[in-house]
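# Structural features, examined
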Amino acid sequence: QRLKAAVHYTVGCLCQEVEEEKDVQFSKQSIAAISEITFRQCEIFAKDLEMFARHAKRTTVNTEDVKLLARRSNSLLRYITQKSEELASSNMEQKEKKKKKSSAAKGERTPGEQEAAVTENEDSNMA
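What counts and what doesn't
Numbers given for residues are sequential positions, taken from 1 along each chain in its written order. Where local features are concerned, this predicted model is filtered to residues with pLDDT of at least 70; where side-chain atom pairs are given and counted, the filter is 80 or more; whole-chain, interface and lining totals use all residues. Heavy atoms from the whole structure form the basis of all side-chain values; hydrogens and water molecules are not counted. The disulfide criterion is simple: two cysteine sulfur atoms within 2.5 Å. Remark: exposure states derive from per-residue accessible area (1.4 Å probe, protein chains only) relative to the maximum for the residue type, with buried under 20%, exposed over 50%, and partly exposed in between. Throughout, nonpolar core names a set of buried Ala, Val, Leu, Ile, Met, Phe, Trp, Tyr and Cys residues whose side chains join them through atoms within 4.5 Å. Under the scheme used here, helices are H or I runs from DSSP no shorter than 4 residues and strands are E runs no shorter than 2 residues, and both carry numbers assigned from the N terminus. Residue contacts are defined here by distance: any two heavy atoms, one from each residue, within 4.5 Å place the two residues in contact. Lines fitted to C-alpha atoms define the axes here, with helix axes fitted over just the stretch in contact, and angles between the N-to-C directions of these axes take values from 0 to 180 degrees. Throughout this description, any angle smaller than 35 degrees is read as roughly parallel, any larger than 145 degrees as roughly antiparallel, any in the 65 to 115 degree range as roughly perpendicular, and the remainder as oblique. Each crossing gets its hand from how the near helix is turned against the far one by less than a right angle, where anticlockwise is left-handed and clockwise is right-handed. Residue polarity follows a fixed list, in which Ala, Val, Leu, Ile, Met, Phe, Trp, Tyr, Cys and Pro are nonpolar, Asp, Glu, Lys and Arg are charged, and the others, Gly among them, are polar.

### Brief notes about the state of the cysteines
- Applying the stated rule across the entire model yields zero disulfides.
- With no disulfide of its own, cysteine 13 has cysteine 15 as its nearest cysteine by sulfur position, at a separation of 9.4 Å.
- Overall, the relative accessible area of 26% leaves cysteine 13 in the partly exposed class.

Next up, the structure:
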């Protein structure tokens, strides 16, 4: 019920924005109908996502499932793909930072620093 109320509230806010931009009016009945349709469609999406994951023998829905769900809307698929790639690169950056911090805390060298140290040792051995 709380989720349904949240959807209704959000739809009401979006309709209010459209009213201001387009100079139109939405009746309470039309807002309620849009809210109900939106909620039902979200339930269908959730079931589809669950089935996609289950078909792939997984218990967790992932971005590939969401992309599969959005495949009929090219613009939505492009948007989801772009955001997915941004999140993936952000996650990689965070992992690299964690690795560097943990290596520095342990007094270890990063692979680049190790290579530089080996080169430095080789140079001093030659002299």
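### A few points about the nonpolar core
- Core analysis: the largest hydrophobic core is formed by five residues, namely Val7, Val11, Cys15, Ile31 and Phe39.
- Elements represented by at least two residues in this core include exactly α1 (2-22) and α2 (28-55).
- The element that contributes the greatest number of residues to this core is α1, accounting for three residues.

### Section: unusual backbone geometry
- One non-glycine residue, aspartate 23, adopts positive backbone phi at about 55°.
- Unusually for a residue other than glycine, lysine 57 sits at a positive phi of about 60°.
- Examined against the element boundaries, lysine 57 turns out to sit in the loop between α2 and α3 (63-69).

### Some remarks on the side chain of serine 84
- Structurally, serine 84 is set in helix α4 (residues 74-106).
- Not counting the four nearest positions on each side in its chain, serine 84 is found in contact with Thr63 and Lys67.

### Observations concerning the packing of α1 against α2
- At their nearest, the axes of α1 and α2 sit 9 Å apart, and the two run at 125° to each other. Viewed along their axes, α1 and α2 adopt a mutual orientation that is oblique. Once α1 is placed against α2, the crossing between them reads as right-handed. Only Ile31, Ala32, Ile34, Ser35, Glu36, Thr38 and Phe39 of α2 make contact with α1, whose side of the interface consists of Leu3, Lys4, Val7, His8, Val11, Gly12 and Cys15.
- By residue class, the composition of the contact of α1 with α2 is eight nonpolar, four polar and two charged.

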